[in-house]
Amino acid sequence: MNWFQSLSLREKLVVVAQVLVGIGVITDLLLLGPYRSYRAELQENLVQAREDLQWMERAVGRIAGSKSKPTPAIRGNIATYADGQISRAGLKQQLQQMTPIQRHSVRIRLSDVEFARLLRFFSSLNPSIAVEEIRILPASAEGTVDASMVLRNLQAPA
């Protein structure tokens, strides 16, 4: 402090100004810079999310517009329907277990299923069938999975 007292008024003002500028630069580097970067990233994410939402709304509109007839109801037991869909998808060999849950749901366990075939199976399901639970784990071979799911017939009486 003795050093500072020995300076002239002009030198003291220069030292104080340098300290204030240094504090400003450090504040900008440590606080304001990261804040601006984070805010810019959030803004970009918001713009992307809005674009995604608009795309999804258009896609839903196209899907809803393409359905001219009502979804046909599933006749009979959900387990029978699921077994038929599994056979049509060529997944009968991978079926390990099928357990009915009351009259409206069925638990299915498949092993060593090609992931693409599993996706095709899901896309082939009647829109009145909901996948209530699903667990997909990688299987031993590349591109294959083990899957456990619960399918529910939404049109079935509870």
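Up top is the structure.
What counts and what doesn't
Residues numbered from 1 in each chain as written. Predicted model: local features only at pLDDT ≥ 70, side-chain atom pairs only at ≥ 80, totals over all residues. Heavy atoms only, no water. Pairing = 2+ DSSP bridges. Helix = DSSP H or I, 4+ residues; strand = E, 2+ residues; numbered from the N terminus. Axes fitted to C-alpha atoms, helices over the stretch in contact; angles between N-to-C directions. Contact = heavy atoms within 4.5 Å. Polar contact = N/O pair within 3.5 Å; in protein donor to acceptor, adjacent residues only side chain to side chain. Buried < 20%, exposed > 50% of the residue type's maximum accessible area, 1.4 Å probe, protein only. Salt bridge = Lys/Arg side-chain N within 4 Å of Asp/Glu carboxyl O.

> So what's going on with the sheet that holds strand β2 (residues 105–114)? Residues and values would help.
Pairing is antiparallel in the open sheet, where four strands are placed in the order β1-β2-β4-β3. The sheet terminates laterally at β1 (95–101) and β3 (129–138), the two strands that pair on one side only. Between one strand axis and the next, the sheet turns through 15 degrees on average, direction left out of account. Both β2 and strand β4 (residues 144–153) contribute to a ladder of eight bridges, which runs antiparallel. Bridging across to β4, glutamate 114 finds its partner in threonine 144. Helix α3 (residues 78–88) rests against β1, β2, β3 and β4 of the sheet, and its axis sits at about 160 degrees to β1. Contacting β2, β3 and β4, helix α4 (residues 115–124) runs over the sheet at an angle of about 10 degrees to β4.

> Quick one: what's the story with the pairing of β2, residue by residue and with numbers?
Both β1 and β2 contribute to a ladder of six bridges, which runs antiparallel. In the strand pairing of β2, leucine 95 is matched with leucine 110. Turn length for the β1-β2 hairpin, with the two strands adjacent in sequence and antiparallel, is three residues, and the turn residue glutamine 102 shows positive phi of about 55 degrees.

> Just give me the short version of the side chain of threonine 144, but keep the residues and values in it.
Tracing the backbone through its elements, the reader meets threonine 144 in strand β4. Of the polar contacts made by the side chain of threonine 144, one reaches the backbone oxygen of alanine 141; its length is 2.6 Å. The contacts of threonine 144, once residues within four sequence positions are left out, are Asp112, Val113, Glu114, Phe115, Pro138 and Ala139.

> Would you mind going over the side chain of asparagine 153 in detail, with residue names and values included?
Considering the arrangement of structural elements, one finds asparagine 153 in strand β4. Look at asparagine 153 and you get buried, because its relative accessible area is 4%. With sequence-adjacent residues up to four places away left out, asparagine 153 is seen in contact with Ile74, Ile78, His104, Ser128 and Ile129.

> An account of the pattern of salt bridges is requested, with residue identities and associated values reported.
Should their charged atoms come close, side chains of opposite charge can pair. A full pass over the atoms with the stated rule returns four salt bridges. For arginine 36, the salt bridge goes to aspartate 28, with nearest N and O atoms at 2.7 Å. The partly exposed category is assigned to arginine 36, whose relative accessible area is 46%. The exposure class assigned to aspartate 28 is partly exposed, which follows from its relative accessible area of 29%. When the shortest N-O distance is used, the salt bridge between aspartate 83 and lysine 92 registers 2.2 Å. With relative accessibility at 27%, the residue aspartate 83 sits in the partly exposed group.

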